[in-house]
Amino acid sequence: MNKARAIKIDGESVYIFNSAIYIYESTEGFSLQLDIIVSEVVVKKYKNLDNLIVEIELENGRLLNLIMHVNSLSGGLPQLNLYVELEDIQEYGDFHIVHENEACFPNIEDGITLEEIRKVEMPDEEVKIKLKLPIDQAEWLMKQKKAALNQFFKDFIYDYWEKQKLK
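Residues numbered from 1 in each chain as written. Predicted model: local features only at pLDDT ≥ 70, side-chain atom pairs only at ≥ 80, totals over all residues. Heavy atoms only, no water.

## A short note on the pattern of salt bridges
Here comes step 1: In total, this model carries 6 salt bridges according to the counting rule given.
Here comes step 2: Lysine 45 serves as the salt-bridge partner of glutamate 12, at 2.5 Å between the closest nitrogen and oxygen. With glutamate 12 in strand 2 (residues 12-14) and lysine 45 in helix 1 (residues 40-46), this pair connects stretches of sequence that are 33 residues apart.
Here comes step 3: Residue classification places lysine 45 among the partly exposed positions, given a relative accessible area of 42%.
Here comes step 4: Arginine 62 is the partner of aspartate 94 in a salt bridge, and the nearest nitrogen-oxygen pair spans 3.4 Å. In this pair, aspartate 94 is assigned in the loop between strand 7 (79-86) and strand 8 (97-99) and arginine 62 in the loop between strand 5 (51-58) and strand 6 (63-73), connecting sequence segments 32 residues apart.
Here comes step 5: We classify arginine 62 as partly exposed; its relative accessible area is 24%. (Salt bridge = Lys/Arg side-chain N within 4 Å of Asp/Glu carboxyl O. Helix = DSSP H or I, 4+ residues; strand = E, 2+ residues; numbered from the N terminus. Buried < 20%, exposed > 50% of the residue type's maximum accessible area, 1.4 Å probe, protein only.)

Rendered as structure tokens:
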């Protein structure tokens, strides 16, 4: 099974944790499929786009420049499936072919954890909290800038987690 060494999407390098590139054969024809484990940030950025300009450097050094479509795969780890329909598969003769009747897709999640992915790129999530506080604390919070409050709560939560571990 071929793997990608490096990938650029729309000219931007993307950190990949694992990949598989192969030919998918169905009754409708052939497509080149690239399955990649990436960060949640990358999935969020590209999952709703239709077409991407993708530069793939394979482990053997071969370069592919393609316009590919995107499928965001749910479940498990954050991953994207990029594909392009092929008219002629001869130039991809060294690629593994997966037939639609076979359920033999490469398992690219094996040996990777979400924690490892988040060490490379931690996504931020907007959270809204309703609190009942003494008026002086509420007034103090309202006077703070958003960036300062974000850092305050991040630090507080990480400190709190550490204290909980020590108990």
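That shown, we press on.
## Considerations on the nonpolar core
Here comes step 1: Within the largest apolar cluster, 28 residues are counted, with the highest numbers of intra-cluster contacts made by Leu32, Leu34, Ile56, Leu64, Leu80 and Leu82.
Here comes step 2: Counting residues per element, the ones that place at least two in this core are strand 1 (4-9), strand 3 (18-26), strand 4 (29-37), helix 1, strand 5, strand 6 and strand 7.
Here comes step 3: Setting aside chain neighbours within four positions, we find isoleucine 56 in contact with Ala4, Ala6, Ile21, Leu34, Arg62, Leu63, Leu64, Leu66 and Met68.
Here comes step 4: Membership of the second largest hydrophobic core comes to 9 residues, among which are Ile37, Val98, Ile108 and Ile117. (Core = buried A, V, L, I, M, F, W, Y, C linked by side-chain atoms within 4.5 Å. Contact = heavy atoms within 4.5 Å.)

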